[in-house]
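Secondary and tertiary structure notes
The chain contents come next:
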Amino acid sequence: MRIVVLAGGIGGARFLRGLRAAAPEADITVIGNTGDDIHLFGLKVCPDLDTVMYTLGGGINEEQGWGRADETFHIKEELAAYGVEPTWFGLGDRDFATHVIRTQMLGAGYPLSAVTEALCARWKPGVRLLPMTDDRVETHVAIQAEEGTRKVVHFQEYWVKLRAAMAAEAVVPVGADQSKPAPGVLEAISTADVILFPPSNPVVSIGAILAVPGIREAIAEAGVPVVGLSPIVGGAPVRGMADKVLAAVGVEATAAAVAAHYGSGLLDGWLVHTSDADAVADVEAAGIRCRAVPLLMADLDATAQMAREALTLAEEARA
Ligand code: GDP
Ligand code: CA
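Residues numbered from 1 in each chain as written. Chains lettered and ligands numbered in written order. Predicted model: local features only at pLDDT ≥ 70, side-chain atom pairs only at ≥ 80, totals over all residues. Heavy atoms only, no water.

A word on the coordination of the calcium ion (ligand 2). Ideal values differ by geometry: the angle at a metal is 109.5 degrees with four tetrahedral donors, but 90 or 180 degrees with six octahedral donors. The protein atoms that coordinate the calcium ion (ligand 2) are D36 (OD), D48 (OD) and D48 (OD), at distances of 2.0 to 2.6 Å. Taken together, the residues span a long stretch of sequence, with D36 in the loop between β2 (27-32) and β3 (38-40) and D48 in helix α2 (residues 47-57) at a distance of twelve residues. Here D36 matches D48 in class, with each residue buried. (Donors = N, O, S within 2.8 Å, 3.2 Å for Na, K, Ca; no water. Helix = DSSP H or I, 4+ residues; strand = E, 2+ residues; numbered from the N terminus. Buried < 20%, exposed > 50% of the residue type's maximum accessible area, 1.4 Å probe, protein only.)

Here is the structure:
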């Protein structure tokens, strides 16, 4: 079975670990979000691709959910001692090596997809990891500045430095409209048996991937079941601040509203958490098959069970 998964960082990566356990024979292609990418200290950093690579490759900091395990921060301390900005982005020493190699290869002319493949040769994530595009896309967020004027900041500044403390008025994947899907992306979608949306951020993770021209259309036209899992449980994100960016696109932070945001033109099935069983009727009324099952990725077994439920719902949708 060929499975395509659109993934952000932590939510996508943890789900993928469960999917790999639930479907060990499957050929899994991950289309990773690169809208969170940022240049820091002259280096190209791809937080979501790295979270997937480290999580599936066994190098992730488990408690944090991002960054390397067993990490030290000497380079960060030295940069701070020179007074170099920014100081708010946590790059560890081990992680730095990944960004050095990536930047070096990009400088030598390799596209990001080839660089990602080279990095994965070390990590052996057990999936084929493709960036959504080889072109530069960076998500920016419009916020109110103090004097009542609008200010636009990089998504990482909004998320990491400002901790999404103020409302996001707009979220724009800058460059997406000019971008092309990376090599292999459209082929993977058109030859997939099932397409899954893990419980990743619907706006800045999956939304950014769908903003690359051609990807949304290819999924809608693939003619295979598309099933998603809600990142929203009980009216709030399980982790993080996805409600802030959902508000920016006018979507309520509920499992049903996120399903309606994707829409029946894209989604055939949607899983909500058991505590959101009330939402099932609303989602089905919108033309999307829906089931309420446990959706908390507490451990590998629970996550693998979520993946099985998603594959089961996909088979029902196919029938
Ligand atoms: P990021 O790029 O690191 O922010 O990660 P993603 O975009 O892949 O996923 C973030 C989303 O994962 C957040 O909106 C969370 O609500 C969701 N999430 C994290 N843990 C869980 C979980 O155990 N269950 C569910 N249903 N969602 C989760
Ligand atoms: Ca991310």
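And the narrative resumes.
By the bridge criterion, five bridges tie strand β6 (residues 138-144) to strand β7 (residues 150-154) in an arrangement that is antiparallel. Bridging from a neighbouring strand, I143 pairs with K151 of β7. The antiparallel hairpin formed by β6 and β7 contains five residues in its connecting segment, where G148 sits at a positive phi of about 85 degrees. (Pairing = 2+ DSSP bridges.)

Below, the discussion takes up the pairing of strand β1 (residues 2-7). The buried fraction of β1 is high, at five of six residues. Between the parallel pair β1 and β2, the chain is carried across by helix α1 (residues 10-22), and the sense of this crossover is right-handed. The pairing of β1 with strand β9 (residues 194-197) spans three bridges and is classified as parallel. Each bridged residue has a counterpart across the sheet, and for I3 the counterpart in β9 is V194. (Right-handed = clockwise from strand over helix to strand, strands pointing away.)

With that out of the way, let us pick up the domain arrangement of the protein. When cut into domains, the protein gives domain 1 (2-134 + 178-318) and domain 2 (138-168). Spacing between the C-alpha centres of domain 1 and domain 2 amounts to 22 Å. Opposite the 16 residues of domain 1 that make contact, domain 2 presents 15 residues. For the pair domain 1 and domain 2, the summed buried area comes to about 1300 Å², and 66% of that belongs to carbon and sulfur atoms. (Domains from an automatic or database assignment. Contact = heavy atoms within 4.5 Å. Buried area = accessible area lost by both parts, 1.4 Å probe.)

Following the sequence through the fold, S230 ends up in the loop between β10 (226-229) and β11 (232-233). Given a relative accessible area of 2%, S230 falls into the buried group. Among the polar contacts made by the side chain of S230, one reaches the main-chain carbonyl oxygen of I232 at a distance of 2.7 Å. (Polar contact = N/O pair within 3.5 Å; in protein donor to acceptor, adjacent residues only side chain to side chain.)

All right, on to the nonpolar core then. Membership of the largest hydrophobic core comes to 56 residues, with the highest contact counts inside it found for F197, I219 and W270. Here this core takes six residues from helix α11 (residues 255-262), the largest share from any one element. Built from parts of two domains, this core gets at least three residues from each of domain 1 (2-134 + 178-318) and domain 2 (138-168). Beyond its immediate stretch of four places on either side in the chain, F197 contacts L6, I206, I219, V226, V227, G228, L229, Y262, L266 and L267. Formed by 39 residues, the second largest nonpolar core is a distinct cluster that contains I3, L19, A26 and M53. (Core = buried A, V, L, I, M, F, W, Y, C linked by side-chain atoms within 4.5 Å.)

With that settled, consider the sheet that holds strand β5 (residues 128-131). The parallel open sheet is built from seven strands, whose spatial order is β5-β2-β1-β9-β10-β13-β14. Looking along the sheet, the strands with just one partner apiece sit at the ends: β5 and β14 (289-292). Averaged over neighbouring strand pairs, the angle between their axes works out to 20 degrees when direction is ignored. Sheet contacts for α11: β9 and β13 (269-272); angle to β13, the most-contacted strand, approximately 160 degrees. (Axes fitted to C-alpha atoms, helices over the stretch in contact; angles between N-to-C directions.)

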